[in-house]
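# Structural overview
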Amino acid sequence: MSGLAARRHPAGLPPTPLYRDPTAPVDARVGDLLARMTLREKVGQLNQRMYGWNAYRRTPDGGFELTEALYTETDRFEGLGALYGLQRADAWSGVDHPDGPGAEDGAALAELVQRHVVERSRLGIPALFVEEVPHGHMALDGTVLPVNLAVGATWDPGLYERAAAHAAAELRARGGHVALVSALDIARDPRWGRTEECFGEDPYLAACFTEAVVRGMQGGPAEYFAADKAAVVLKHFAGQGATVGGRNSAESELGFRELNEIHLPAARAGVRTGAAAVMAAYNEVDGTPCSGNKALLTELLRGRWGFEGLVMADGLAVDRLARITGDKVSAGALALNAGVDLSLWDEGFTHLREAVERGLVAEEALDTAVARVLRLKFRLGLFDRQGAPPPFPAGGREVSTRVARGAVTLLHNDGGVLPIPAAVSRIAVLGPHSATVAHQSGDYTAPQRPGTGTSVLDGLRRLAPPGVGIRHARGCALTGDDLTGIPEAVAAAAACDLAVLVLGGSSARTPDTEFDANGAARTAVSHMTCGEGADLAGLRLGRAQHALLDAVTATGTPTAVVLIQGRPHAVPEAADRAGALLTAWYPGPWGGEAIAEVLLGHTEPTGRLPVSVPRSADRLPVYYNHKETEYGGYVDGSAEPLYGFGHGLSYTSFTYGPPRLDGDTVRVDVTNTGQRYGRTVAQLYIRRLRTPVWPRALELRGFRAVELAPGETRTVVFPRPATDAGTTVEARVAESARAALTAVPTQSFTAPDETPL
């Protein structure tokens with residue numbers, strides 16, 4: 001054995017393999033290990049076939065034991081490449097308290113499984129433990145964060161970076177390694193059930209939050225991950241938010257320019273920030289499914305962008321390729337040759353040895369994929385770290401509440417209904433969302449322990465001033481036509497000085513939900529209106545909710561409507577009839593407290609819309625960054641959104657001066673002209689004046705939050721926005737996209753560089 005393959009060892013003892021030497025460079029360790037592996041072992045490293053919850057079961061004494069299913073899977077390839085969802089808990093997996101692993105014993109379960117995997121592997125190769133972390137680790141006792149749409153509403157990437165760091169620390173404390181994180185989908189059609197997983201409708205905003213989640217979860221650039229940092233898999237690459245009709249996993253009609261301008265900037269930002277992996281999406285681009293799309297995964301991602309990380313297929317996506325290849329062996333070959341390194345639950349990748357023997361895949365291509373998997377394992381320290389994982393971090397509730405607080409968005413506020421005036425002595429808290437926490441969290445949420453969370457009713461009862469009486473009536477359910485509870489709600493509203501009416505939707509899954517093999521809901525249970533597999537043809541709330549809204553506002557009692565939702569529902573009646581309207585998206589278990597703080601004025605409403613709110617589903621699309629064509633409205637109604645991108649009010653008022661170019665910066669003076677301390681989000685947009693292709697109406701290129709005391713003025717400074725070479729643009733700064741359309745622009749300028757998205 002050469003010196004490159006081994007380190008010197010005391011006489012009489014076998015040399016230590018180079019891949020076992022923690023001081024050796026990662027690439028050298030990978031090369032040494034790869035050279036020792038059989039074809040069977042290599043294929044095993046590319047497979048993630050098993051559902052993790054089938055790997056263990058509880059024992060009568062409260063511990064865990066491994067299952068025959070795990071033994072069979074590790075025997076197949078003398079080891080295990082990766083294991084999905086060992087700690088996942090939800091209605092699909094069937095894992096709940098007390099049979100699943102919690103914060104106190106999750107690490108012990110991970111160690112038990114890993115010890116078996118390493119012992120079964122001839123070369124002692126550990127497995128990657130891959131977990132869902134869409135808004136916190138999807139596991140029992142994991143901190144549930146607000147959904148991505150709420151994160152986007154904060155317009156605060158720094159806040160999200162800290163929340164992401166907490167989620168990663170929780171994952172690693174339980175023995176997990178890899179976080180599957182929704183970040184790349186752009187919300188272009190709110191009928192899509194997975195809109196809640198998007199940061200918004202704008203590529204620049206999504207890019208900023210994608211950078212934040214990579215920095216928060218992975219830390220700064222380094223060869224090895226810190227013990228409390230996790231490898232991020234950004235999903236879904238690319239264009240999944242553009243499916244036709246808002247239907248999950250439907251075809252897309254993306255041109256190359258639309259793909260590049262709208263759906264790729266977030267992925268490119270994540271790659272530049274150092275994301276460890278991306279997940280190939282279900283949809284196709286120009287007829288080729290992403291998981292078999294070499295132009296996307298190899299020529300663009302690796303060739304043009306220089307990505308060196310891992311590409312994982314979405315669940316069963318490789319097997320779906322058999323529809324165009326004819327069988328699963330060739331489907332696996334197509335995916336590997338296109339650039340997929342790691343499968344998820346597929347059969348196709350289990351046949352890669354046969355694909356090599358049939359000449360469908362070159363072993364060199366297989367080796368390249370295996371090297372990427374091994375490199376990530378070395379970077380995570382899986383071959384080296386001994387002892388207990390880092391402790392489970394404290395403070396999850398405050399992290400979640402802080403994000404929820406920043407996401408609450410005030411859409412309109414007529415006549416000073418909010419904050420709740422001191423003269424109000426009786427408050428009616430009404431609606432199907434008013435006293436429940438079960439529907440405040442998004443899809444991909446683990447079961448919560450009894451007593452976890454605060455509803456809006458809980459929050460108001462705890463925070464309202466002494467002597468304020470609070471009455472409650474549910475009024476109706478989230479869905480359905482039952483109106484029998486409305487009279488009680490009307491009586492409560494009529495007897496009070498103010499009504500707080502809490503309406504919305506739900507992504508909660510229950511054991512009676514039917515699921516596809518990839519975990520998407522196949523049929524929605526009665527309350528379910530959002531989440532994966534719950535697409536809507538229309539965007540209105542249930543009939544009973546609209547009847548409740550009509551009846552409560554008809555009492556004449558001033559009414560503040562709160563919408564808790566995972567997509568922008570079309571509720572123009574709330575804008576017309578309620579004195580105030582708030583949206584909180586899905587704010588997580590403690591969102592009721594955050595909402596109550598804003599209602600009472602303990603906290604300023606600081607959220608801004610990350611998506612445009614339509615008047616109805618039949619007027620879609622309504623995103624702000626459409627092409628600037630001279631089309632008019634509809635004959636029978638306005639084509640404009642009810643509330644536009646970036647909109648959000650405060651309890652004070654602000655004015656924006658004209659922006660000015662100053663060297664490499666754009667500067668604007670912002671003044672608080674109201675009576676309260678407040679926060680506004682200055683948004684910088686460009687409008688293209690001379691360009692070789694048809695321009696969009698506006699494009700977001702920067703934003704800055706600024707907090708001002710009454711009467712205070714501050715100059716907000718932006719870097720001068722870059723865009724395509726030779727394009728002449730003007731910059732506008734305003735409090736929303738709609739306001740930017742009529743805002744005073746800067747003088748025009750020609751940008752010399754490519755946009756830094």
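The preceding data block contains the structure.
What you are looking at is a predicted structure, and each value in this text was computed from that prediction instead of being measured.

Take helix H7 (residues 203-218) next. Here H7 is 16 residues long and its end C-alpha atoms lie 22 Å apart, about the 22 Å a rise of 1.5 Å per residue gives. Among the 16 residues of H7, 14 are classified as buried, and the element is accordingly described as predominantly covered. Here H7 starts with a cap whose side-chain oxygen sits 2.9 Å from the backbone nitrogen of Tyr 204, and that cap is Asp 202. Positive phi shows up at Gly 219, right after H7, with a value of about 80 degrees.

Our next topic: the sheet that holds strand E19 (residues 559-564). Strand order in this open sheet of six strands is E13-E20-E19-E16-E14-E15, and the pairing throughout is mixed. Looking at which strands have only one partner, the edges of the open sheet turn out to be strand E13 (409-413) and strand E15 (469-473). Strand after strand, the sheet turns through a mean of 20 degrees between neighbouring axes, direction not considered. Note that E19 and strand E20 (residues 580-583) share four bridges and pair parallel. Bridge pairing in E20 links Val 561 to Leu 581. Sheet strands touched by helix H17 (residues 456-463): strand E14 (426-430), E15, strand E16 (498-504) and E19. Its angle to E15, the strand with the most contacts, is close to 170 degrees.

Taken N-terminus to C-terminus, the directions of H7 and helix H9 (residues 265-273) make an angle of 30 degrees; their axes are 8 Å apart at the nearest point. Classified by the angle between their axes, H7 and H9 sit roughly parallel to one another. Regarding H7 and H9, the two cross each other, and that crossing is right-handed. Side by side, H7 and H9 meet where Pro 203, Ala 206, Ala 207, Thr 210, Glu 211, Val 214 and Arg 215 of the first sit next to Pro 265, Ala 266, Ala 269, Gly 270 and Thr 273 of the second.

Buried residues of helix H10 (residues 294-304): Leu 296, Leu 297, Leu 300, Leu 301 and Arg 302, and no others. One face of H10 carries all of its buried residues, which in axial projection span an arc of 165 degrees. Opposite the packed face of H10, turned more than 90 degrees from it, sit the exposed residues Gly 303 and Arg 304. Here the buried face of H10 lies against strand E8 (231-237), H9, strand E9 (277-280), strand E12 (310-313), helix H13 (328-338) and helix H15 (363-379). The N-cap of H10, judged by a side-chain oxygen 3.3 Å from the amide nitrogen of Ala 295 a few residues on, is Asn 293. Residue Gly 306 follows H10 closely and has a positive phi angle near 75 degrees.

Right, let's talk about the pattern of salt bridges for a bit. The full count for this structure, using the stated rule, is 48 salt bridges. For the salt bridge of Asp 367 with Lys 42, the shortest nitrogen-to-oxygen distance reads 2.9 Å. Of the two residues, Asp 367 sits in helix H15 while Lys 42 sits in helix H2 (residues 39-45), which places them 325 residues apart along the sequence. Where Asp 443 meets Arg 509, a salt bridge forms, and the shortest distance between an N and an O atom there is 3.4 Å.

Taken in spatial order, the six strands make up an open sheet running E5-E6-E7-E8-E9-E12, and their pairing is parallel. Each having just a single partner strand, strand E5 (82-84) and E12 make up the two edges of the open sheet. Adjacent strand axes in the sheet meet at a mean angle of 30 degrees, parallel and antiparallel pairs treated alike. Pairing of E5 with strand E6 (residues 128-132) involves three bridges; the strand directions are parallel. Each bridged residue has a counterpart across the sheet, and for Tyr 84 the counterpart in E6 is Val 130.

As a further point, take the layout of surface pockets. Here the idea is plain: a probe the size of a water molecule rolls over the atoms and shows the empty space left. In this structure, the largest pocket occupies an estimated 700 Å³ of space. Of the residues in the lining of the largest pocket, the class split is 13 nonpolar, eight polar and five charged.

With that settled, consider empty space enclosed by the protein. Summed over all chains, the structure comprises seven cavities of 30 Å³ or more. In this structure, the largest cavity spans a volume of roughly 100 Å³. Grouping the amino acids of the lining of the largest cavity by side-chain chemistry returns eight nonpolar, three polar and six charged. As a volume, the second largest cavity reaches approximately 80 Å³. Lining of the second largest cavity is provided by Ala 187, Arg 188, Asp 189, Pro 190, Thr 195, Glu 201, Pro 568, Val 611, Ser 612, Val 622 and Tyr 623.

Before going further, it helps to examine the pairing of E9. Residue alternation in E9 divides its side chains into two sets, Ala 277 and Met 279 and Val 278 and Ala 280, and both sets are buried. Pairing of E8 with E9 involves four bridges; the strand directions are parallel. Counted as the bridge partner of Leu 234 is Val 278 from E9. As paired strands, E9 and E12 are joined by four bridges and run parallel to one another. Among the inter-strand pairings, Met 279 is bridged to a residue of E12, identified as Met 312.

This part is about the nonpolar core. Met 217 and Phe 237 are the most contacted members of the largest nonpolar core, which has 143 residues in total. Of the residues forming this core, the biggest block, nine residues, is contributed by H7. Apart from the residues lying within four places of it in its own chain, the contact partners of Met 217 are Val 133, Ala 164, Ala 165, Ala 167, Ala 168, Ala 179, Val 181, Lys 229, Ala 230 and Val 232. Residues Ala 492, Val 561, Leu 609 and Leu 642 belong to the second largest nonpolar core, which totals 70 residues.

What counts, and where the lines are drawn
In this convention, every chain numbers its residues from 1, walking through the sequence in written order. Under the rules for a predicted model, residues below a pLDDT of 70 receive no local features and side-chain atom pairs below 80 are neither given nor counted, while totals for whole chains, interfaces and linings still include all residues. Working from all heavy atoms in the structure, the side-chain values ignore hydrogens and water. Strands here mean DSSP runs of E at least two residues long; helices mean DSSP runs of H or I at least four residues long; both are numbered from the N terminus. A helix's residues, less one, multiplied by 1.5 Å, set its expected span. Here's how the labels work: a residue is buried when its accessible area is under 20% of the maximum for its type, exposed when over 50%, partly exposed in between, all with a 1.4 Å probe on protein chains only. N or O atoms within 3.5 Å of each other form a polar contact, as long as, within protein, one can give a hydrogen and the other can take it, and as long as residues adjacent in sequence are counted only when both atoms are side-chain atoms. Whether two strands pair comes down to DSSP finding at least two bridges between them. Helix axes are fitted only over the stretch in contact, all axes being lines through C-alpha atoms; the angle between N-to-C directions runs from 0 to 180 degrees. Any pair of residues with heavy atoms lying within 4.5 Å of one another is described as a contacting pair. Should an angle lie under 35 degrees it is considered roughly parallel, over 145 roughly antiparallel, and from 65 to 115 roughly perpendicular; all remaining angles are considered oblique. Left-handed describes a crossing in which the near helix is turned anticlockwise from the far one by less than a right angle; the clockwise case is right-handed. The arc in question is the one traced by the directions running from the helix axis out to the C-beta atoms. Salt bridge criterion: a side-chain nitrogen from Lys or Arg within 4 Å of a carboxyl oxygen from Asp or Glu. The way it works is a 1 Å grid over only the protein atoms, where trapped points that fit a 1.4 Å probe form a cavity and open points with protein on both sides within 12 Å along at least five of seven lines form a pocket, and then any residue with an atom within 4 Å of a point lines it. Grid points are joined across faces, edges and corners, and a volume is the space filled by probe spheres set on the points. In the scheme used here, Gly and all other residues not listed as nonpolar or charged are polar, with Ala, Val, Leu, Ile, Met, Phe, Trp, Tyr, Cys and Pro taken as nonpolar and Asp, Glu, Lys and Arg as charged. Note on terminology: a nonpolar core comprises buried Ala, Val, Leu, Ile, Met, Phe, Trp, Tyr and Cys residues joined through side-chain atoms within 4.5 Å.

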